[in-house]
Amino acid sequence: MIMHCHQKSIEEVFENLGTSLRGLTAEEARKRLLEYGPNELTEKAKKTPLMMFLNQFRDFMILILVAAALISVFIGELSDTIAIIVIVVLNAVVGFIQEYRAEQAMAALKKMSAQSAIVIRDDVPAAVPASELVTGDLIILDAGNVVPADMRLIESSRLKVEEAALTGESIPVEKNIKALHDEHMPIGDRTNMAYKGTFVTYGRGRGVVSATGMNTELGKIAAMLQGEEEGKTPLQKRLAGFGRKLALAVLAICSIVFVIGIIRGEEPLLMLLTAISLAVAAIPEALPAVITISLALGAKKLVKQNALIRKLPAVETLGSVTYICSDKTGTLTLNKMTAEEIYADGRIIKGPWGQGAMGSGERIDHQLEPSNPQPLLFIALALSNDVRMDGSGNMIGDPTETALYAAAKEAGFDRNMLDEAYGRSAEIPFDSDRKLMTTIHKMPGSGVQGSGDAEPSNPRILEPSQFISFTKGAIDVLIDKSSTMQTSAGIVPINREELHRVNNRMAAEGLRVLGIAMRHWDALPDEICPDAVESELIILGLVGIMDPPREEAKEAVQSCKAAGIKPVMITGDHPLTAQAIARRLGILDGEAMSVITGRELDKLSIEEFEERVEHIQVYARVAPEQKLKIVKALQDRGQFVAMTGDGVNDAPALKRADIGVAMGITGTDVSKEAAHMILLDDNFATIVKAVREGRKIYDNIRKFIKYLLTTNSGEIWTLFLAPLVGLPIPLLPIHILWINLVTDGLPALALAAEPAEGDVMNKPPRRPDEGIFSHGLGAHAVWVGLLMAAVVLAAQAWAIKTDHAHWQTMVFTILCLTQLGHVLAIRSERQSLFSMGLFSNRYLFGAVLLTFALQMATIYVPVLNKIFKTEPLTWQEMLIALALSSIVFIAVEIEKFIKRRSSRQKAVAA
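As the structure is a prediction and not an experimental result, all values here were calculated from the model. (Residues numbered from 1 in each chain as written. Predicted model: local features only at pLDDT ≥ 70, side-chain atom pairs only at ≥ 80, totals over all residues. Heavy atoms only, no water.)

1. Observations regarding the overall build of the chain
What the chain contains, in helices and strands, is 35 helices and 26 strands. Of the contacts made within the chain by residues no fewer than 6 positions apart, 73% connect residues no fewer than 24 positions apart. As displayed, the chain offers around 37,400 Å² of accessible surface, 59% of which is attributable to carbon and sulfur atoms. (Helix = DSSP H or I, 4+ residues; strand = E, 2+ residues; numbered from the N terminus. Contact = heavy atoms within 4.5 Å. Areas by Shrake-Rupley, 256 points an atom, 1.4 Å probe, with all protein chains shown as cover.)

Take a look at the structure:
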């Protein structure tokens, strides 16, 4: 039953669908409903909430933590076990909530469907549930209806349908019933079709249902939405690899430590407990908690900046984005048609029109004279439309007409005042065949003045008994129906070449061009019809309108480029319009300019498209599945893609993208549910703030991982090398677990609050294949860990040699304090702590003081001496411990000094 109905004549549609102007019989409709099913969007089998929750425990890092909890139970460390279990359950709950909310996308899509429809069956109209519609049903459409199914129109009386959610086209589409012959015509150009989920804004019509349920265009989007699995975020991919490598390394090292201890004659039970304690210490159980807290803090901050994060990992993903694929309508533009230029009297007048002034600063002339086209043009814009005002003063009506009237009103020509003088006497409505609309008005008996601040005038006027008609529409049609044009020199012969030149220039700039003409009448025409009224017209001028770009979006595009992010426009709009908007925004910057249409995209093979995809900056007239194809192609090229959008057509691509960004005000529920982040102010510029926050969060996570790996490395090297150099095992299992729980935990959590570094938005995005250990992180962990071990073992050897009975307490204290010095030093990759200031991260400074106090308590509180097997140190021993602990801090500061000097030398050389 599925066919290209837009290509068929009405007779062929009736024949193919087995129906007629009488509609289906009730019996035939019942049979088809049983055969083809209800007109509903079906959903794939859902996971139960329990399955969703259990799936959260399949992550490799989580499995390692569960193993660590079991080991902690085995060695009797219940506090560690409880801490690990709380972390694991917390992360599972967060993951469950995210997945459960994602399932709501289909529910939102189903809400778009109409609840009922007026259908003709057995030649009788009746209201039936939309779910009971079948192919071949004859449907009546009126203004305000949601289209209940895809249908081929067979009758259209000024019918206009708003399809922005499906196609991205901001202007309601005027429908007709003519057959179209292009098989691969984009949905937005199929003017004889109406699609499920779109909205009738004007007129009335009838159509034959050609597709229902999942076979509709809305159904195809639903299928794509269900078929797209969300990819893992960059952070999730990096941490998964990190967890596997770390687990293998820890198991190997712990085994070696155990074997060496046994060979040296240590007690097997002590070595087993030491090896197990080392394994627990090396597993980063705080990592998921720190990441969750970092992302939650970032999300909280972004809400204040009008970015609502629906899925926490999206905060960090923003820092990895290399491409932002943005829908045009309502995202990069205002989603409001506006008069941009007017051509009259041989001059181009540019907006804004407020306070009676042109964009060039000249005044708009309000004097109504036969030789003055300006006021007549604005009067025509004010009067020749059907715009209404609601109770709040907002304009209601066709977007084109509201744009024209808004320009007139801004210029000081208020229709409420003009209507008193220029009563409408007759009209000929617009239709797509003529491409014109005409209104006829009685002329006033005195001069006319707009509502601006122009002085009243009493110019030469037409007689009170005379009438004037205003005609607006396609300029090429108006030119054919006109022989003269109004200028300041009077009525002159029409200059067709000049009008075509201006029209072509405006169209090339992406403007939709309308012509305005008039005609004087001594009396109201006897016959109000197009042939009688729309002839011998006098051209007043041309008006160019468009949905203009947001000013803040232009700044955001430039900020994205400065940050190494490539913005790409993807729209269902016309190529010329898309190209003009892209140029004004700076997306097309004169180099590698590349615009491609959906039709051209269809002709490219996957291989050809992937070769070109990184050089294309604007996509026009694309279908929903093509948006998805673009995102996939960029991802296949190794790019991290953010997709912004507000329509139903964006939902599959929003879900597939590394981060989907929906619009909070104009966005559909479907797009919001599919997205990772929602812009509460629909402001493209908010994305830049989010990118900055994402980069800061990733930097802080790297700092935590650097701190974690280095401290764990120091502990492992200490325990691994001590037996090799003939020293006894320096730390007891409880010492290792204390360092792991307190020294690793509190300062690491405080690193999440580290402010962004100054150059965070002047760096290119991280390479998609960049690993956790990049930029020297792995090397830093190894050499600083070795330095920590060297300091600790040197202190141990000295203390044993000089007969210090409590050498183990000294070793325990030095290792703990060394790590506190290290966390202060790694707050920045290059900047010195002294230039940053200790108090620029008060949380970290507080965490360091608290950890230091807790460590002192284990040494000097008698009750804790028994638990931790420690002894009070003398003040001389404590001074030695403090001095040795500062070595690592000094070494890392020297490393950063060398990096800064190297960067300066490279800058000078460059």
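2. Digging into helix H35 (residues 875-909)
The end-to-end C-alpha separation of H35 is 51 Å, in line with the 51 Å expected for 35 residues at 1.5 Å each. Within H35 the residues assigned to the buried category are Glu877, Met878, Ala881, Ser885, Val888, Phe889, Ala891, Val892, Glu893, Glu895 and Lys896. (Expected span 1.5 Å × (residues − 1). Buried < 20%, exposed > 50% of the residue type's maximum accessible area, 1.4 Å probe, protein only.)

3. Notes on the nonpolar core
Counting 97 residues, the largest nonpolar core has Met569, Met677, Phe684 and Ile705 as its most contacted members. No other element matches helix H27 (residues 686-724), which puts eleven residues into this core. Ignoring any residue separated from it by four or fewer positions in sequence, one finds Phe684 in contact with Ile324, Ser326, Thr331, Leu332, Ala553, Ala556, Val557, Cys560 and Leu679. Formed by 40 residues, the second largest nonpolar core is a distinct cluster that contains Ile570, Ile596, Phe609 and Ala657. (Core = buried A, V, L, I, M, F, W, Y, C linked by side-chain atoms within 4.5 Å.)

4. With respect to the pattern of salt bridges
The final tally for this structure, using the stated rule, is 36 salt bridges. With a closest N to O distance of 1.9 Å, Arg621 and Asp189 form a salt bridge. In this pair, Arg621 sits in the loop between strand S23 (618-620) and helix H24 (624-636) while Asp189 sits in the loop between strand S5 (173-174) and strand S6 (193-194), placing the two residues 432 residues apart along the sequence. Assessed through its relative accessible area of 9%, Arg621 is described here as buried. Overall, Asp189 belongs to the partly exposed group, its relative accessible area being 25%. In the salt-bridge network here, residues are joined through shared partners; they are Arg158, Asp386, Arg424 and Glu427. (Salt bridge = Lys/Arg side-chain N within 4 Å of Asp/Glu carboxyl O.)

5. Examining the sheet that holds S23
On the basis of which strands lie adjacent, the open sheet formed by eight strands has the order S8-S26-S25-S24-S9-S21-S23-S22 and mixed pairing. The open sheet has two edge strands with one neighbour each: strand S8 (307-309) and strand S22 (595-597). Adjacent strand axes in the sheet meet at a mean angle of 20°, parallel and antiparallel pairs treated alike. Direction of pairing for strand S24 (residues 641-645) relative to strand S25 (residues 659-663): parallel, over a ladder of four bridges. Considered in S25, the bridge of Thr644 is made with Val661. The strands touched by H27 are S8, strand S9 (323-327), S24, S25 and strand S26 (677-679); relative to S26, the strand with the most contacts, the crossing angle is about 140°. (Pairing = 2+ DSSP bridges. Axes fitted to C-alpha atoms, helices over the stretch in contact; angles between N-to-C directions.)

6. Some details on the pairing of strand S3 (residues 138-142)
Examined bridge by bridge, strand S1 (residues 116-121) and S3 share three bridges and lie antiparallel to one another. Bridge pairing links Val119 to Ile139 in S3. Across five bridges, S3 lies against strand S7 (residues 199-211) in antiparallel orientation. Bridge pairing links Ile139 to Gly207 in S7.

7. Remarks on helix H21 (residues 575-585)
Of all the positions in H21, only Thr577, Ala578, Gln579, Ala580, Ile581, Ala582 and Leu585 are classed as buried. Gly586 sits one or two positions beyond H21 and adopts a positive phi of about 90°.

8. Examining the environment of Pro755
Checked against the element boundaries, Pro755 lands in the loop between helix H29 (745-751) and helix H30 (777-801). Sequence separation between Pro755 and Arg827 is 72 residues, and the spatial gap between their C-alpha atoms is 9.4 Å. Once you skip the residues sitting within four places of it in the chain, Pro755 turns out to touch Lys696 and Ser840.

9. Remarks on the packing of aromatic side chains
Scanning the entire structure with this criterion turns up five aromatic pairs. Considering the side-chain rings of Trp738 and Phe868, the 4.9 Å spacing of their centres and the 75° angle between planes classify their relative orientation as edge-to-face. With Trp738 in helix H28 (residues 733-743) and Phe868 in helix H34 (residues 862-868), this residue pair connects regions lying 130 residues apart in the sequence. By the burial criterion, Trp738 is buried, and Phe868 matches it. Between Phe834 and Phe889, the ring centres sit 6.0 Å apart and the planes meet at 85°, which makes this aromatic pair edge-to-face. Here the residue Phe834 occupies a position in helix H32 (residues 833-836), and Phe889 occupies one in helix H35, the gap between them amounting to 55 residues. (Phe/Tyr/Trp six-rings, centres within 6.5 Å; stacked < 30°, edge-to-face > 60°.)

10. Here we look at unusual backbone geometry
Phi angles above zero are rare outside glycine, and Asp345 is one such case at about 55°. Phi at Lys869 is positive, roughly 55°, even though this residue is not glycine. By the secondary structure assignment, Lys869 is in the loop between H34 and H35.

11. Observations regarding the confidence of the model for the chain
Considering every residue of the chain, the mean pLDDT works out to 82; 85% of them sit at 70 or more. Predicted confidence for residues 446-465 stays below pLDDT 50, and this span has 44 contacts to residues more than four positions away or in other chains. (pLDDT = per-residue confidence, 0-100.)

12. Quick look at the packing of H27 against H30
Remark: H27 packs on H30, axes separated minimally by 7 Å, with the N-to-C direction vectors making an angle of 40°. Between H27 and H30, the crossing angle belongs to the class labelled oblique. Along this stretch, H27 crosses H30, giving a crossing that reads as right-handed. Listed contacts from H30 to Arg702, Ile705, Lys706, Leu709, Thr710, Thr711, Ser713, Gly714, Trp717, Thr718, Leu721 and Ala722 of H27 are Leu777, His780, Ala781, Val782, Val784, Gly785, Leu786, Met788, Ala789, Val792 and Leu793. For the contact of H27 with H30, the per-class residue count stands at 14 nonpolar, seven polar and two charged. (Parallel < 35°, antiparallel > 145°, perpendicular 65-115°, else oblique. Left-handed = near helix turned anticlockwise from the far one by under 90°. Nonpolar A, V, L, I, M, F, W, Y, C, P; charged D, E, K, R; others polar.)

13. Some details on a nonpolar patch on the surface
Taken together, the side chains of Phe852, Trp875, Leu879 and Leu882 define a hydrophobic patch exposed on the protein surface, amounting to about 410 Å² of accessible area. The leading source of residues in the nonpolar patch is H35, at three residues. Counting through the fold element by element, Leu879 comes out in helix H35. Of the residues examined, Leu879 reaches a relative accessible area of 48% and is grouped as partly exposed. (Patch = residues over 30% accessible without salt bridge, like charges linked within 9 Å, V, L, I, M, F, W, Y side chains within 5 Å.)

14. Examining the pairing of strand S20 (residues 537-546)
Taking burial as the measure, the ten residues of S20 include ten buried ones, the bulk of the element. Pairing geometry for strand S10 (residues 338-344) and S20, over five bridges, is antiparallel. Of the residues in S20, the one forming a bridge with Ile342 is Val543. Bridge count between strand S19 (residues 512-521) and S20: seven bridges; the pairing is antiparallel. What sits directly across from Gly515, in S20, is Leu542.

15. Some words on the packing of H30 against H35
Relative orientation of the contacting elements H30 and H35 amounts to 160°, with a least axis distance of 11 Å. Here H30 lies roughly antiparallel to H35, going by the angle between them. Where H30 crosses over H35, the handedness of that crossing is right-handed. Residues His780, Trp783, Val784, Leu787, Met788, Val791, Ala795 and Trp798 of H30 lie in contact with H35, whose contacting residues are Ile880, Leu884, Ile887, Val888, Ala891, Val892 and Glu895. Classifying every residue of the contact of H30 with H35 by side-chain character gives 13 nonpolar, one polar and one charged.

16. What to know about the side chain of Glu614
Within the secondary structure, Glu614 is located in the loop between helix H23 (606-612) and S23. Of the polar contacts made by the side chain of Glu614, one reaches the side chain of Arg637; its length is 3.3 Å. Residues in contact with Glu614, not counting those within four places in the same chain, are Tyr323, Lys566, Leu634, Arg637 and Gln639. (Polar contact = N/O pair within 3.5 Å; in protein donor to acceptor, adjacent residues only side chain to side chain.)

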